[in-house]
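# Working through the structure, step by step
Each chain, letter by letter, is given below.
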Amino acid sequence: MPEGQIVRAVGGFFDVRTPEGDIRCRARGILKKKNLSPLVGDYVIFERTGPEEGVVTEVRPRRTQLVRPPIANVEQAVVLFSLREPPLQPVLLDRILVHCERAGLRVCICLTKLDLAPDRTEVDRIAKLYAPAGYRVVATSIRTGEGVEQVKEWLKGTLSVFAGPSGVGKSSLLNEILPGLKLRTGQVSAKLGRGRHTTRRVEIIDLPDGGRVADSPGFSRLDFTGMEETDLGECFPEIREHAVHCAFRGCLHREEPNCAVREAADRGEIDPGRYRHYLQFLQEISEDRRFTRW
Ligand SMILES: Nc1nc2c(ncn2[C@@H]2O[C@H](COP(=O)(O)OP(=O)(O)OP(=O)(O)O)[C@@H](O)[C@H]2O)c(=O)[nH]1
Ligand SMILES: [Zn+2]
């Protein structure tokens with residue numbers, strides 16, 4: 001039976017992309033009963049019921065699943081923050097990165113509006129700061145075109161989602177990467193990713209160089225609901241790496257004796273700012289827990 005990936009959900013139908021084109025499918029009732037309603041991004045098996053119509057009969061296991069936007073099998077998050085207007089927000093950046101890690105996504109960081117920064121000092125600092133975590137950093141400007149090719153390179157061969165606060169230039173960069181996007185998706189609106197006050201409709205867009213991107217930005221909810229204190233360290237790659245040498249299993253890297261993470265932070269092997277944000281988030285999680293217990 002034919003297979004494909006759902007690229008769009010419209011009024012109870014799912015558009016399944018296949019090499020021969022998109023097939024508009026309903027979902028077989030049994031899937032809903034089994035609580036397996038298809039999501040955009042799902043790889044599915046379908047039966048043809050007409051030349052361009054079908055029924056989804058099976059949903060392949062998901063590798064990842066995001067809630068906002070509701071989309072399956074995203075592999076990569078391109079996290080955007082502007083260097084200026086608005087200025088970089090380091091805590092919020094780490095907060096988004098935690099959510100990316102938690103969702104199991106590969107991360108790259110894009111510092112936008114390079115044309116508004118006096119020089120590359122801040123870019124170099126951020127790149128150095130995130131190197132131990134394994135995050136690649138690029139600086140872009142849609143005014144000068146700098147960095148855009150690098151982002152295109154990162155998007156190849158994978159399904160990505162853009163993430164970042166309002167006004168940092170997510171839509172602008174997506175438009176730069178896909179100048180024909182509006183035409184292709186038939187959107188009248190001049191802006192992409194504008195979903196806050198309108199019905200959010202997710203769609204996966206094929207890039208000319210291969211690779212796919214969700215047209216709606218990710219991670220609009222950024223609290224740590226449902227997270228255990230012991231989960232947090234897992235979401236900081238450089239902390240995760242050192243944590244295996246901590247004296248205690250389940251070490252939260254606070255005041256525990258022989259904590260390899262704190263020692264690495266003292267030696268500067270873990271960025272002190274990142275460690276501080278870790279402690280801040282840990283505090284949030286533990287306060288939440290106390291609250292729910294009362
Ligand atoms: N100088 C400069 N301005 C930029 C750049 N990229 C985007 N902008 C401007 O920043 C503003 C916000 O850009 P958007 O693309 O709407 O930002 P967004 O992240 O999509 O914002 P939301 O839709 O609110 O999430 C616009 O006025 C853009 O023209 C850039 O590289 N340099
Ligand atoms: Zn520790």
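Since the model is a prediction, treat every value here as computed from it, not as a measurement.

Reading the values: the criteria
Each residue is numbered by its place in its chain's sequence as written, counting from 1. Just so you know, chain letters begin at A and ligand numbers begin at 1, following the order they were written in. Reporting of local features is limited, given that this is a predicted model, to residues whose pLDDT is at least 70; pairs of side-chain atoms are given and counted only at 80 or more, and all residues count toward the totals for whole chains, interfaces and linings. Computation of side-chain values: all heavy atoms of the structure, hydrogens and water removed. The pocket and cavity definitions rest on a 1 Å grid over protein atoms only: a 1.4 Å probe that fits but cannot leave marks a cavity, an open set with protein on both sides within 12 Å along at least five of seven lines marks a pocket, and residues lining either have an atom within 4 Å of a point. Grid points are joined across faces, edges and corners, and a volume is the space filled by probe spheres set on the points. In this text, helices come from DSSP runs of H or I with a minimum length of four residues, and strands from runs of E with a minimum of two, each type numbered from the N-terminal end. Each residue receives one of three labels: charged for Asp, Glu, Lys and Arg, nonpolar for Ala, Val, Leu, Ile, Met, Phe, Trp, Tyr, Cys and Pro, and polar for the others, Gly being one of them. Sites may look incomplete because water is not among the atoms; the donors themselves are N, O and S atoms within 2.8 Å of the metal, or within 3.2 Å for Na, K and Ca. In these descriptions, tetrahedral denotes four donors with every angle between 85 and 135 degrees, square planar four donors and octahedral six donors with opposite donors over 155 degrees apart and the rest between 65 and 115, and irregular any other case. Remark: exposure states derive from per-residue accessible area (1.4 Å probe, protein chains only) relative to the maximum for the residue type, with buried under 20%, exposed over 50%, and partly exposed in between. Here, strands pair whenever DSSP counts at least two bridges between them. For helices, the axis comes from a line fit to the C-alpha atoms of the stretch in contact; other axes are also lines fit to C-alpha atoms, and the angle between any two N-to-C directions lies between 0 and 180 degrees. For Phe, Tyr and Trp, where Trp contributes only its six-membered ring, two rings pair if their centres lie within 6.5 Å, and the inter-plane angle classes them as stacked under 30 degrees, edge-to-face over 60, or tilted in between. Think of a salt bridge as a Lys or Arg side-chain nitrogen and an Asp or Glu carboxyl oxygen that are within 4 Å of each other. Each residue carries a pLDDT value, the predictor's own confidence for that position, ranging from 0 to 100. Contacts are assigned to residue pairs with any non-hydrogen atoms lying within 4.5 Å of each other.

## Examining the layout of surface pockets
Volume-wise, the largest pocket comes out at about 360 Å³. Around the largest pocket, the lining residues are Gln-65, Leu-66, Val-67, Arg-68, His-99, Arg-102, Ala-103, Phe-219, Ser-220, Arg-221, Asp-223 and Thr-225. The set of elements that each furnish at least two residues to the lining of the largest pocket consists of β6 (65-66) and α2 (90-102). By residue class, the composition of the lining of the largest pocket is four nonpolar, four polar and four charged.

## Quick notes on the coordination of the zinc ion (ligand 2)
Distances from the zinc ion (ligand 2) to its protein donors, namely Cys-246 (SG), Cys-251 (SG), His-253 (ND1) and Cys-259 (SG), fall within the range 2.1 to 2.4 Å. Because the angles between the four donor atoms bound to the zinc ion (ligand 2) fall within 102 to 116 degrees, the donor set is best described as tetrahedral. Donor residues binding the zinc ion (ligand 2) come from one chain and are separated in sequence as C-x4-C-x1-H-x5-C. A relative accessible area of 10% places Cys-246 in the buried class. For His-253, a relative accessible area of 4% corresponds to the buried category.

## Focus: the sheet that holds strand β12 (residues 204-206)
The strand order across the open sheet formed by six strands is β10-β9-β8-β11-β13-β12, and the pairing between neighbours is mixed. Among the strands making up the open sheet, the edge pair consists of β10 (136-139) and β12. Pairwise comparison of adjacent strand axes, ignoring direction, gives a mean angle of 25 degrees for this sheet. With four bridges joining them, strand β9 (residues 106-112) and β10 adopt parallel strand pairing. Residue pairing for β10: Ile-109 is matched across the bridge by Val-137.

## A short note on unusual backbone geometry
Omega for the peptide link from Arg-68 to Pro-69 comes to -5 degrees, which places this bond in the cis form. Relative to the helices and strands, Pro-69 is located in the loop between β6 and β7 (71-72). Pro-86 follows Glu-85 through a cis peptide bond whose omega is -5 degrees. Mapped onto the elements, Pro-86 comes out in the loop between β8 (76-82) and α2. Positive phi, normally seen in glycine, also occurs at Asn-73, with a value near 65 degrees. Of note, Glu-85 is a non-glycine position whose phi angle comes to about 50 degrees, a positive value. Relative to the helices and strands, Glu-85 resides in the loop between β8 and α2.

## Quick word on the pairing of strand β1 (residues 3-10)
Sheet topology places β1 next to strand β4 (residues 43-50); three bridges connect them, and they run antiparallel. Of the residues in β4, the one forming a bridge with Gly-4 is Val-44. Between the antiparallel neighbours β1 and strand β2 (residues 13-18) lie two residues, among them Gly-11 with a positive phi of about 45 degrees.

## A short note on the packing of aromatic side chains
Describing an aromatic ring pair means giving the distance of the ring centres and the angle of the ring planes. Under the definition given, this model contains five aromatic pairs. On the numbers, 5.7 Å between centres and 90 degrees between planes, the contact of Phe-236 with Tyr-278 is edge-to-face. Of this pair, Phe-236 sits in the loop between α7 (229-232) and α8 (237-243) while Tyr-278 sits in helix α10 (residues 272-293), and the two are 42 residues apart along the sequence. The exposure class of Phe-236 is buried, given its relative accessible area of 0%. Owing to a relative accessible area of 1%, Tyr-278 belongs among the buried residues under this scheme. A ring pair is formed by Phe-236 and Phe-281, whose centres lie 6.4 Å apart and whose planes are at 40 degrees; its orientation type is tilted. Residue Phe-236 is located in the loop between α7 and α8, and its partner Phe-281 is located in helix α10; the two are separated by 45 residues in the primary sequence.

## Structural notes on the pattern of salt bridges
Side chains bearing opposite charge may pair, as long as their charged atoms lie close to each other. Per the stated rule, a full pass over the model turns up 23 salt bridges. Across the pair Glu-75 and Arg-63 runs a salt bridge, and its minimum N-O distance is 3.3 Å. Taken together, the residues Glu-75 in the loop between β7 and β8 and Arg-63 in the loop between β5 (53-59) and β6 connect sequence positions twelve residues apart. Given the relative accessible area of 27%, Glu-75 is considered partly exposed. By sharing partners, the salt bridges in this structure join Arg-8, Asp-15, Arg-17, Asp-22, Arg-24, Glu-203, Asp-206 and Arg-212 into a single network.

## Quick word on the sheet that holds β2
As summarised here, the arrangement of the five strands in space is β1-β2-β3-β5-β4, forming a closed barrel in which the pairing is mixed. When strand polarity is set aside, the average angle formed by the axes of neighbouring strands in this sheet is 50 degrees. Inspection of the sheet shows β1 paired to β2 by five bridges, in the antiparallel sense. Counted as the bridge partner of Arg-8 is Asp-15 from β2.

## Overview of the confidence of the model for the protein chain
Reading predicted coordinates in detail is not appropriate for stretches of low pLDDT. Averaged over every residue, the pLDDT of the protein chain is 90; the share at 70 or more is 91%. Of the regions scoring below 50 in pLDDT, residues 183-199 engages in 22 contacts with residues more than four places distant in sequence or in other chains.

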